[in-house]
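# Topology and contacts: notes
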Amino acid sequence: MSKDEKSIGKTLEEKLLSKRKSGLLKLSDEEIAEADAFCEGYMRFLDDSKTEREAVTSAIALAEANGFMPFDPKANYSAGDKIYYSNRGKSVIFCVIGTQPLENGTRVLAAHIDSPRLDLKQHPLYESSDLALLKTHYYGGIRKYQWVTIPLALHGVICKSDGTTVTVNIGEDDNDPVFVITDLLPHLAQEQSKRSLGEGIKGEELNVVIGSRPFKDDEVSEKVKLNIMRILNEKYGVVEEDFLSAELEMVPAFKARNVGLDCGLIGAYGQDDRVCAYPALEAILDCDNPEYTAIAVLTDKEEIGSTGNTGLRAAYLKNFISMLADMADVPDYTVITNSKCLSADVTAGFDPTFPEVADQRNFSCCNQGVAMCKYTGSRGKSGCNDANAEFVGYVRNVFDSNGVIWQTGELGRVDLGGGGTVACYIAELGMDVVDIGVPVLCMHAPYELTAKLDVYMAYKGFSAFIK
Ligand code: MN
Ligand code: MN
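Residue positions are given per chain, counted from 1 along the sequence in the order it is written. Labels follow written order: the first chain is A, the first ligand is 1, and so on. Reporting in this predicted model follows two pLDDT cut-offs: at least 70 for local features of residues, and 80 or more for side-chain atom pairs to be given and counted; totals over whole chains, interfaces and linings ignore these cut-offs and use all residues. Heavy atoms throughout the structure, all of them, feed into the side-chain values; hydrogens and water do not.

### Quick word on the overall build of the protein chain
Helix and strand definitions here come from DSSP, where helices need a minimum of 4 consecutive H or I residues and strands a minimum of 2 consecutive E residues; each element is numbered from the N-terminal end. For the protein chain, the count of helices and strands is 11 helices and 23 strands. What you see for the protein chain is a C-alpha radius of gyration of 24 Å, in line with the 23 Å of a compact globule of 467 residues. For the exposure calls, accessible area comes from a 1.4 Å probe over protein chains only, and a residue counts as buried if that area is under 20% of its type's maximum, exposed if over 50%, partly exposed in between. Within the protein chain, the fraction of its 467 residues that count as buried is 51%. Two residues qualify as a contact provided that any one of their heavy atoms is within 4.5 Å of a heavy atom in the partner residue. A sequence separation of at least 24 residues applies to 76% of the contacts in the protein chain between residues at least 6 apart. In these tables, accessible area is a Shrake-Rupley quantity obtained with a 1.4 Å probe, and a residue counts as shielded only by the protein chains included in the view. Total accessible area on the protein chain stands at roughly 22,100 Å², and carbon and sulfur atoms take up 50% of it. Under this rule, positive means Lys or Arg and negative means Asp or Glu; His and the chain ends count for nothing. For the purpose of locating charges, the reference atoms are NZ of Lys, CZ of Arg, CG of Asp and CD of Glu. Counting 47 positive and 69 negative side-chain charges, the protein chain places the centres of these two groups 4 Å from one another. In this description the radius of gyration comes from C-alpha coordinates, and the expected globular size is given by 2.2 Å times residues to the power 0.38.

### Examining the coordination of the manganese ion (ligand 2)
Each metal's donors are the N, O and S atoms within 2.8 Å of it, or within 3.2 Å when it is Na, K or Ca, and because water is not part of the set, sites may look incomplete. Coordination of the manganese ion (ligand 2) by the protein involves Asp272 (OD), Glu303 (OE), Glu303 (OE) and His444 (NE2), with metal-donor separations of 2.0 to 2.6 Å. Along the chain, the residues donating to the manganese ion (ligand 2) fall in the pattern D-x30-E-x140-H. Between the manganese ion (ligand 2) and the manganese ion (ligand 1), a separation of 3.3 Å is found, and both are coordinated by aspartate 272. Linking aspartate 272 in helix α6 (residues 271-285) with glutamate 303 in the loop between β14 (293-299) and α7 (316-328), this pair joins segments that are 31 residues apart in sequence. Across this residue pair, the class does not change: aspartate 272 and glutamate 303 are buried.

### Concerning the domain arrangement of the protein chain
Where each domain starts and ends follows an automatic or database-derived domain assignment. By the assigned domains, the protein chain splits into domain 1 (20-115 + 269-466) and domain 2 (117-252). For domain 1 and domain 2, the distance between their C-alpha centres works out to 33 Å. Counting residues at the interface gives 17 residues for domain 1, matched by 15 residues for domain 2. Accessible area that two parts lose when put together, evaluated with a 1.4 Å probe and summed over both, is termed the buried area. Summing the contributions of domain 1 and of domain 2, the shared interface buries around 1,400 Å²; its carbon and sulfur component is 50%. The salt bridge criterion pairs a side-chain nitrogen of Lys or Arg with a carboxyl oxygen of Asp or Glu, the two atoms within 4 Å. Along the contact surface separating domain 1 from domain 2 lie four salt bridges. Across the pair lysine 90 and glutamate 247 runs a salt bridge whose closest N-O atoms are separated by 3.0 Å. Whenever two N or O atoms come within 3.5 Å, that pair is a polar contact, provided that in protein one can donate a hydrogen and the other can accept it, and provided that, for residues adjacent in sequence, both atoms are side-chain atoms. Where domain 1 packs against domain 2, one counts 10 residue pairs in polar contact (both at pLDDT 80 or more).

### Quick word on the pattern of salt bridges
According to the stated counting rule, one finds 23 salt bridges in the structure shown. For lysine 90, the salt bridge identified is with aspartate 300, shortest N-O distance 3.8 Å. Of this pair, lysine 90 sits in the loop between β2 (82-87) and β3 (91-96) while aspartate 300 sits in the loop between β14 and α7, placing them 210 residues apart in sequence. Of the charged contacts in the structure, one is a salt bridge between aspartate 386 and lysine 374, with a shortest N-O distance of 2.8 Å. In this pair, aspartate 386 sits in the loop between β18 (377-378) and α9 (389-400) while lysine 374 sits in the loop between β17 (370-373) and β18, placing the two residues 12 residues apart along the sequence. Residue classification places aspartate 386 among the partly exposed positions, given a relative accessible area of 28%. Lysine 374 sits in the partly exposed class, given a relative accessible area of 31%. A network of salt bridges, in which partner residues are shared, links Glu52, Arg53, Lys90, Arg117, Asp119, Glu247, Glu249, Asp300 and Lys301.

### Comments concerning a nonpolar patch on the surface
Residues form patches when they are more than 30% accessible in relative terms and have no salt bridge. Like charges link within 9 Å. Nonpolar side chains (Val, Leu, Ile, Met, Phe, Trp, Tyr) link within 5 Å. Together, Ile8, Leu12, Leu16 and Leu17 line one region of the surface with nonpolar side chains, adding up to about 460 Å² of accessible area. Inspection of the secondary structure assignment puts leucine 17 in the loop between α1 (8-16) and α2 (23-26). Leucine 17 sits in the exposed class, given a relative accessible area of 56%.

### A few points about the pairing of β17
Within a regular strand, the side chains alternate between the two sheet faces. The alternating pattern of β17 places Val370 and Met372 on one face and Ala371 and Cys373 on the opposite face, and all of these are buried. Summarising the sheet, β17 and strand β19 (residues 406-408) pair through three bridges and their orientation is parallel. The residue of β19 that forms the bridge with alanine 371 is glutamine 407. When DSSP locates at least two bridges between a pair of strands, those strands are taken to pair.

### Side note on the sheet that holds strand β6 (residues 131-139)
Pairing within the open sheet is antiparallel, and its seven strands lie in the order β8-β7-β11-β5-β6-β10-β9. Unpaired on one side and paired on the other, β8 (165-170) and β9 (180-181) mark the two borders of the sheet. As judged from the seven bridges shared by strand β7 (residues 152-159) and strand β11 (residues 246-252), these two strands associate in the antiparallel manner. Among the inter-strand pairings, isoleucine 158 is bridged to a residue of β11, identified as alanine 246.

### Points about the coordination of the manganese ion (ligand 1)
Ideal values differ by geometry: the angle at a metal is 109.5 degrees with four tetrahedral donors, but 90 or 180 degrees with six octahedral donors. Note on the manganese ion (ligand 1): its protein donors are His112 (NE2), Asp272 (OD), Asp345 (OD) and Asp345 (OD). The metal-donor distances range over 2.1 to 2.6 Å. We note that the donor set of the manganese ion (ligand 1) lies within a single chain, spaced as H-x159-D-x72-D.

### Topic: the environment of leucine 312
The residue leucine 312 is located in the loop between β14 and α7 in this model. Along the primary structure leucine 312 and proline 116 are separated by 196 residues, whereas in three dimensions their C-alpha atoms are 17 Å apart. If near-sequence neighbours (up to four positions away) are discounted, leucine 312 is found in contact with Ala110, Val297, Thr299, Asp300, Ser306, Leu317, Val422, Tyr425 and Ile426.

### Focus: the packing of helix α3 (residues 29-48) against α6
In this analysis, axes come from line fits to C-alpha atoms, helices being fitted only over the stretch in contact, and the angle between any two N-to-C directions falls in the range 0 to 180 degrees. Two elements in contact, α3 and α6, have axes separated by 10 Å at closest approach and are oriented at 125°. Relative to α6, the element α3 lies oblique. You can see that α3 and α6 cross each other, and the crossing is right-handed. Residue-level inspection shows Phe38, Gly41, Tyr42, Phe45 and Leu46 of α3 in contact with α6, the latter providing Gln271, Arg274, Val275, Tyr278, Pro279, Leu281 and Glu282. Residue classes follow a fixed rule: Ala, Val, Leu, Ile, Met, Phe, Trp, Tyr, Cys and Pro count as nonpolar, while Asp, Glu, Lys and Arg count as charged, and any other residue, Gly among them, counts as polar. Split into classes, the residues belonging to the contact of α3 with α6 amount to eight nonpolar, two polar and two charged. Roughly parallel covers angles under 35 degrees, roughly antiparallel covers those over 145, roughly perpendicular covers 65 to 115, and oblique covers all other angles. Left-handed describes a crossing in which the near helix is turned anticlockwise from the far one by less than a right angle; the clockwise case is right-handed.

Take a look at the structure:
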């Protein structure tokens, strides 16, 4: 056998066996530069969009700059028209009308724009030992010990008794103060250190320091608290009772940054699931004259079970499609049944420090492309979508024929834990749906990591699916 000839076994191996390989080795330097450039926009979006409300505002601004108009239920739309529908400013649908009749179905991208965080309680503000503090109730699955002794920013809205609403954002500007949850010093933590990691910091210990200077008046009992209310009143015109009708959220005050000397990773808060929401948004903004009507829905409340009227268990996506169906004079169930959806949500990336939680053959890795999770769930796939093989095959073909680097993903070893996405609620409508998303390291932590190549491949995959 000459040097250039392959052995029969080697030839068979190449033909029959699949191989894992870093996605970066499959890409040209130009394509890697494209991925890096795409992620610059993504990182700006992250810094501007730390809550679902802010993400809706940022997304609509980008969409309007790209020719999208507010949805008008009385209008008549034709192929190529670009519209958006905001659901209470907390979730949003973008749509580009396709050339195919609507009854042939739509192509849907569904990502969520809420992230784990600390919500203020309705009576949050109190004074204790000359400090003013805020009580919080965490939102979504957090590891509580990760949220102490880091800079936090306050975001949200306060609806005042006069019916007006003020928007709050403190801690993002370099000149702003930040807020902090304290922890014990190691010198005095002997008892606390005996707690389990999950109990290391308890829910009622997530109290945020918001002030320390008193309002100088001997007649007043809670001087530090009063001084904080005075500052808030000057800034926003609010009184303490206005906390009752507010949505105020403590989020990490970190900015999105390059991680690693080679700048291949992104470190930022809230990448679950804005790392899929932004590529889905960009995919639909770039979508001109699609064959099938293309829809990107950026939804709220996924982290607490897709509940509430802005989560995907609510009817707003179905209602939107029904309104389009009414305009086209076709039954909505025909449109929905013929529709296909990518549930765009993150999956866990393989972490070499904790290999024991993963089945390495089925886990997704950073820089190996966007990940397809046929199923999620826990304890025997319970509660998950488990996409049918035919639809997985369809998406696989779309990706392979459009140069999308992708891999499969599974959220951890069997029976170790698990999780869910919006896929099961899309499936309930009667659409084909599978989970596609970016692998994340330290998911749900105040600072999550993703690989730029994977973010870009999510965009390429979503674009190919809706074009
Ligand atoms: Mn998610
Ligand atoms: Mn999540």
